[in-house]
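Working through the structure, step by step
For reference, the chains in residue letters:
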Amino acid sequence: MTVSYKDLGLVNTKAMFKKAFELKFAVPAYNFNNMEQLQAIVTGCAESDSPFILQVSSGARKYANQTLLRYMAQGAAELLKELNPHLKFALHLDHGDTFELCKNCIDSGFSSVMIDGSHHSFEKNIELTRQVVEYAHQHDVTVEGELGVLAGIEDDVVAAESVYTQPDEVEEFLEKTGVDSLAISIGTSHGANKFTPEQCTRNAEGVLVPPPLRFDILEEIEKRIPGFPIVLHGASSVVPEYVNMINSHGGALKDAVGIPADQLRRAATSAVCKINIDSDGRLAMTAVVRKVFHDSPAEFDPRKYLGPAREELKKMIIAKNQDVLGSAGKGKLIWG
Ligand code: G3H
Ligand code: 13P
Ligand code: ZN
């Protein structure tokens, strides 16, 4: 049975990206795999009146079951009507790697999909992306493509080094594919260890300082495709407080380092209209779960550790929306 996202009360990314560009903020895209993450995302964004994108990876579909996930997202849309009636969200496939997967998601109520052909040749990336766009646009579903490769794990492929997006490829890619947004590689990367210690410098306290993002490449791209929505993957800050909390409660995260918040803030005021955050949410929940297990070793009710973890994730999301993405309070300006 196929279902349109419109019947579920969801939206594609067009209106939110248009406003994000005009008002110089970025829409947060948060990944979810379970109920607690979903609750934190929906309640956090409802309270901060932030447009948002709910992201599902193929790993999340396998973990939570694709049928259940879809109904969870539908449930989230119903909950949002109660919490913040004018606010809307997009349900987005993260790192789709085949036409079939994208089609399956479109047919089951997703309003947006990413086709990540970045590991293919330029020509093959165009061909695959074009195929997805043709199908998606028949259903008014928006499509994110990618040019350039991020270091870290992407599509189950581990790339040791970033391959930055080449600005002189973007116009041809957009023209030939018809994508609605473009993910680029300017030095971000997936996961909690975005840079090796050798790639970083150390400040006076010995804390790792990552190399700055390549804003020069971003500016070059913006010049070639003015007003076009750009996406940043691998944009968690790897919040040091959470890393320290994990490590001081039995964890062993070594040399974890992310993208500093001030660089994301700067990116959000540019053509970057979507910022992907998954690892920071994982770290927030893990930090709290570890602390509860450490402080209350006799605890065995999942609600007693997942509940506080959910609260921390919600707090983190509200703070990101307000202080980093600048998306808080923008819901009413788009749909109010
Ligand atoms: O970009 C990758 C996302 O963080 C999703 O990760 O494939 O482990 O669900 P996952
Ligand atoms: P992080 O690992 O930095 O959170 O990136 C998530 C992401 O890009 C999901 O597609
Ligand atoms: Zn990603």
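**Focus: the overall build of the protein**
- Looking only at helices and strands, the protein has 13 helices and 12 strands in total.
- Relative to the compact-globule value of 20 Å for 336 residues, the protein shows a C-alpha radius of gyration of 19 Å, a close match.
- Its C-alpha atoms put the protein at 55 × 45 × 35 Å along the principal axes.
- Classification of the 336 residues of the protein by burial places 57% in the buried group.
- Counted over contacts in the protein with a minimum sequence separation of 6, partners at least 24 positions apart contribute 77%.
- Total accessible area on the protein is roughly 14500 Å²; 54% of this is exposed by carbon and sulfur atoms.
- With 34 positive and 45 negative side-chain charges, the protein shows a separation of 5 Å between the mean positions of the two kinds.

**Considering the confidence of the model for the protein**
- With 97% of its residues at a pLDDT of at least 70, the protein reaches an overall mean of 96.
- The least confident element of the protein is strand 7 (residues 157–159), whose mean pLDDT is 57; the most confident is strand 1 (residues 27–31), at 99.

**Looking at the site of ligand 1**
- Around ligand 1, a shell composed of Asn31, Ser57, Asp94, His95, His190, Asp278 and Arg282 is seen.
- Within the side chain of Asp278, a nitrogen or oxygen atom sits 2.6 Å from an oxygen atom of ligand 1.
- Side-chain polar atom of Arg282 to an oxygen atom of ligand 1: 3.1 Å apart, as the coordinates give it.
- Contact with the protein chains removes 69% of the 310 Å² of surface that ligand 1 exposes when unbound.
- For the shell around ligand 1, the residue count by class is no nonpolar, 4 polar and 3 charged.

**Let's talk about the nonpolar core**
- One finds Val113, Leu232 and Ile275 to be the most contacted residues of the largest nonpolar core, which totals 96 residues.
- With near-sequence residues (within four places) excluded, Leu232 lies in contact with Ile184, Ile186, Thr188, Leu213, Leu264, Ala267, Val272, Lys274, Ile275 and Asn276.
- With 11 residues, the next largest nonpolar core counts Val11, Met16, Ala20 and Ile334 among its residues.

**Quick word on the packing of aromatic side chains**
- Per the counting criterion, the structure on display carries 4 aromatic pairs.
- With a centroid separation of 5.0 Å and an interplanar angle of 20°, the aromatic rings of Phe52 and Phe89 are classed as stacked. Residue Phe52 is located in strand 2 (residues 52–57), and its partner Phe89 is located in strand 3 (residues 89–96); the two are separated by 37 residues in the primary sequence. A single burial state applies to Phe52 and to Phe89, both of which are buried.
- Look at Phe293 and Tyr305: their rings are 4.7 Å apart centre to centre, the planes differ by 65°, and that puts the pair in the edge-to-face class. Taken together, the positions of Phe293 in helix 11 (residues 279–295) and Tyr305 in helix 12 (residues 302–325) put the pair 12 residues apart, joining distant regions of the chain.
- Given the relative accessible area of 40%, Phe293 is considered partly exposed.
- Residue class for Tyr305 comes out buried when judged on its relative accessible area of 17%.
- Cation over ring: Arg214 sits above Tyr164, and NZ or CZ is 5.2 Å from the ring centre.
- Positioned above the aromatic ring of Phe215, the side-chain terminus of Arg266 is 3.8 Å from the ring centre.

**Focus on the coordination of the zinc ion (ligand 3)**
- The protein atoms that coordinate the zinc ion (ligand 3) are His95 (NE2), His190 (NE2) and His233 (ND1), at distances of 2.1 Å.
- Mapping the donors of the zinc ion (ligand 3) onto the primary sequence yields the spacing H-x94-H-x42-H. Of the two residues, His95 sits in strand 3 while His190 sits in the loop between strand 8 (181–184) and strand 9 (201–202), which places them 95 residues apart along the sequence. For the pair shown, His95 and His190 are each scored as buried.

**Let's talk about the side chain of Asp116**
- Within the secondary structure, Asp116 is located in the loop between strand 4 (112–115) and helix 6 (122–138).
- Of the side chains with opposite charge, Lys274 comes closest to the buried, unpaired Asp116, at an N-O distance of 11 Å.
- Of the polar contacts made by the side chain of Asp116, one reaches the side chain of Ser118; its length is 2.6 Å.

**Considerations on the pattern of salt bridges**
- Summed over the entire model, instances satisfying the criterion amount to 20 salt bridges.
- Of the charged contacts in the structure, one is a salt bridge between Glu47 and Lys314, with a shortest N-O distance of 2.6 Å. With a gap of 267 residues between them, Glu47 in helix 2 (residues 35–47) and Lys314 in helix 12 connect regions that are remote in the sequence.
- Lys314 gets classed as buried once you look at its relative accessible area, which sits at 14%.
- Residues joined in a network through salt bridges with shared partners are Lys6, Lys14 and Asp140.

Quick notes on the rules
Residues numbered from 1 in each chain as written. Chains lettered and ligands numbered in written order. Predicted model: local features only at pLDDT ≥ 70, side-chain atom pairs only at ≥ 80, totals over all residues. Heavy atoms only, no water. Helix = DSSP H or I, 4+ residues; strand = E, 2+ residues; numbered from the N terminus. Rg over C-alpha atoms; globule rule 2.2 N^0.38 Å. Buried < 20%, exposed > 50% of the residue type's maximum accessible area, 1.4 Å probe, protein only. Contact = heavy atoms within 4.5 Å. Areas by Shrake-Rupley, 256 points an atom, 1.4 Å probe, with all protein chains shown as cover. Lys, Arg positive; Asp, Glu negative; His and termini not counted. Charge placed at Lys NZ, Arg CZ, Asp CG, Glu CD. pLDDT = per-residue confidence, 0-100. Near = heavy atom within 4 Å. Polar contact = N/O pair within 3.5 Å; in protein donor to acceptor, adjacent residues only side chain to side chain. Nonpolar A, V, L, I, M, F, W, Y, C, P; charged D, E, K, R; others polar. Core = buried A, V, L, I, M, F, W, Y, C linked by side-chain atoms within 4.5 Å. Phe/Tyr/Trp six-rings, centres within 6.5 Å; stacked < 30°, edge-to-face > 60°. Lys NZ or Arg CZ within 6 Å of the ring centre and 35° of its normal. Donors = N, O, S within 2.8 Å, 3.2 Å for Na, K, Ca; no water. Salt bridge = Lys/Arg side-chain N within 4 Å of Asp/Glu carboxyl O.

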